[in-house]
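What follows is each chain in one-letter form.
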Amino acid sequence: RVRQETTSDPVIMNALMFICKTMHDSVNALTLEDEKKAISNLICGFIRRISFGRDFEQQLSFYVEARATFSNLEPVLIELVQRVNQLSMETHKVVKGNHSRKTAAFVRACAAYSFITIPSINNIFSQLNLYLVSGQVAMVNGALTQGDAFLKAAIGLLPDVPRTIQIDGKVQSTKPLLSGFINNFISNLLVVPDNPDQGVLYLVRGLLNVIQNYTWEDGSDSKVQAYLSVMGLLSAMSQENYLYHVNKVDSNDRLYGSDPKFLNEIQQIATTLITEILEHLKQLQQQEALRRQSVLALEFFTRMVAHGDIGPEKMGPLAVNLWNLAQKHGYADTKVMVRTLEHLKTRGAQRDGREYADLATKLPLQSRT
């Protein structure tokens, strides 16, 4: 019978620690991957079974000892970082978000543990995801400096992401993993307040520099897809009240209060991104990648409708041009175009939807022959 109960009995702990250390020390360069996984799973199971209840400091001390003992098994290090993050959130739950000086110092110690441990992990996507999760945990616990450090570390690691990675013995492209992480990261940036010492939107600018300089796969539109995601973020950042917040953390909507200088910074970045996206669409025409151009133009159009000001004196004319470009060479998905136009007409029928109704009248549908 498998027992699921936790324990803090020192006799049981010492005995299991000795057994797990023996298994860990038996791993060498000749050990098969399946055997490493089996040993790692057993040790992770042991770590999950140790609980000191409300004695969180003792729990953290155990995780420190475990890190020193099992330092050569990457899955165990990942498990330990996740356990320490969970420990921070349990502390947050106990104090109901109102940290005392002692508990605030404790969650900062947990953040330091994670920050030190993550670089020891070889899998770069495990590192990136742990940096992001640890940054989120730090933010929730009001440790803004530590959260900031995690996010900057993740941005600094992005240039090292290889084009391909080996998963279960097969070489696969990292494009979907990298794109997924960037989108997740971007959504997190909305709630992160600017550091006064770093300048306005410094994390967004840092991320854009990495995206700009990263060596993307040939024939890939991933860079522009990332730019489109950032456009959505900039639209959300320009709102008077953000869509979501972290409790007791003042995001940029409260820091800047829709200050014109802040909105101008957002506008400058958005203008630069639009220029980059349009230049990419132009290059696709020269490369005769017309199907990609059609898909990307339609996606840019839908993002613009969802997030932009499509008035006739704003982005309306550009939206019309993108719509026409999407179906110019006959590669557009007619069903998607029809549904998009129907959506615009539905929005236009609403009380504040006059701009959508006006735009819909300017969008022709070209039938395929």
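Residues numbered from 1 in each chain as written. Predicted model: local features only at pLDDT ≥ 70, side-chain atom pairs only at ≥ 80, totals over all residues. Heavy atoms only, no water.

**Points about the nonpolar core**
One finds Phe62, Phe185, Val204, Phe301 and Leu359 to be the most contacted residues of the largest nonpolar core, which totals 111 residues. No other element matches the 10 residues that helix α10 (residues 222-237) contributes to this core. In this structure, phenylalanine 301 is in contact with Ala319, Leu322, Trp323, Thr340, Leu344, Leu359 and Leu363, ignoring residues within four places of it in sequence. (Core = buried A, V, L, I, M, F, W, Y, C linked by side-chain atoms within 4.5 Å. Buried < 20%, exposed > 50% of the residue type's maximum accessible area, 1.4 Å probe, protein only. Helix = DSSP H or I, 4+ residues; strand = E, 2+ residues; numbered from the N terminus. Contact = heavy atoms within 4.5 Å.)

**Some points on the packing of aromatic side chains**
Scanning the entire structure with this criterion turns up 10 aromatic pairs. When the centroid spacing of 6.4 Å and the interplanar angle of 25° are considered together, the rings of phenylalanine 56 and phenylalanine 106 count as stacked. With a gap of 50 residues between them, phenylalanine 56 in helix α3 (residues 56-69) and phenylalanine 106 in helix α5 (residues 101-117) connect regions that are remote in the sequence. On the basis of relative accessible area, phenylalanine 56 is assigned to the buried category, the value being 12%. Given the relative accessible area of 9%, phenylalanine 106 is considered buried. Each ring, one from phenylalanine 301 and one from tryptophan 323, has its centre 5.2 Å from the other, and the planes form 55°; the classification is tilted. With phenylalanine 301 in helix α13 (residues 290-307) and tryptophan 323 in helix α14 (residues 316-326), this pair connects stretches of sequence that are 22 residues apart. With relative accessibility at 0%, the residue tryptophan 323 sits in the buried group. (Phe/Tyr/Trp six-rings, centres within 6.5 Å; stacked < 30°, edge-to-face > 60°.)

**Thoughts on the side chain of aspartate 253**
Its place among the elements puts aspartate 253 in helix α11 (residues 252-256). Buried aspartate 253, no salt bridge; nearest opposite-charge side chain is arginine 254, N-O distance 4.6 Å. Non-local contacts of aspartate 253, meaning those with residues more than four positions away in its chain, are made with Gln239, Glu240, Asn241, Tyr242, His245 and Ser258. (Lys, Arg positive; Asp, Glu negative; His and termini not counted. Salt bridge = Lys/Arg side-chain N within 4 Å of Asp/Glu carboxyl O.)

**A word on the pattern of salt bridges**
One pass over the structure, following the stated rule, counts 9 salt bridges. The shortest N-O distance in the salt bridge between lysine 21 and aspartate 25 comes to 2.8 Å. Here lysine 21 pairs with aspartate 25, and both are found in helix α1 (residues 10-25), just 4 residues apart, close to one helical turn. Glutamate 79 is the partner of arginine 48 in a salt bridge, and the nearest nitrogen-oxygen pair spans 3.1 Å. Taken as a pair, arginine 48 in helix α2 (residues 33-48) and glutamate 79 in helix α4 (residues 74-95) lie far apart in primary sequence, 31 residues in all. Judged by its relative accessible area of 36%, arginine 48 is partly exposed. For glutamate 79, a relative accessible area of 11% translates into the label buried. Through salt bridges with shared partners, a single ionic network connects Arg48, Glu79 and Arg83.

**Points about helix α8 (residues 175-189)**
Over its 15 residues, α8 runs 21 Å from end to end, which matches the ideal 21 Å to within 8%, given 1.5 Å per residue. Taken as a whole, α8 has its buried residues at Leu178, Phe181, Ile182, Phe185, Ile186, Asn188 and Leu189. Buried positions in α8, seen along its axis, are confined to an arc of 155° and lie on one side of it. Of the surrounding secondary structure, the elements contacted by the buried residues of α8 are α6 (124-140), α7 (144-157), α9 (202-213) and α10. (Expected span 1.5 Å × (residues − 1). Arc of directions from axis to C-beta.)

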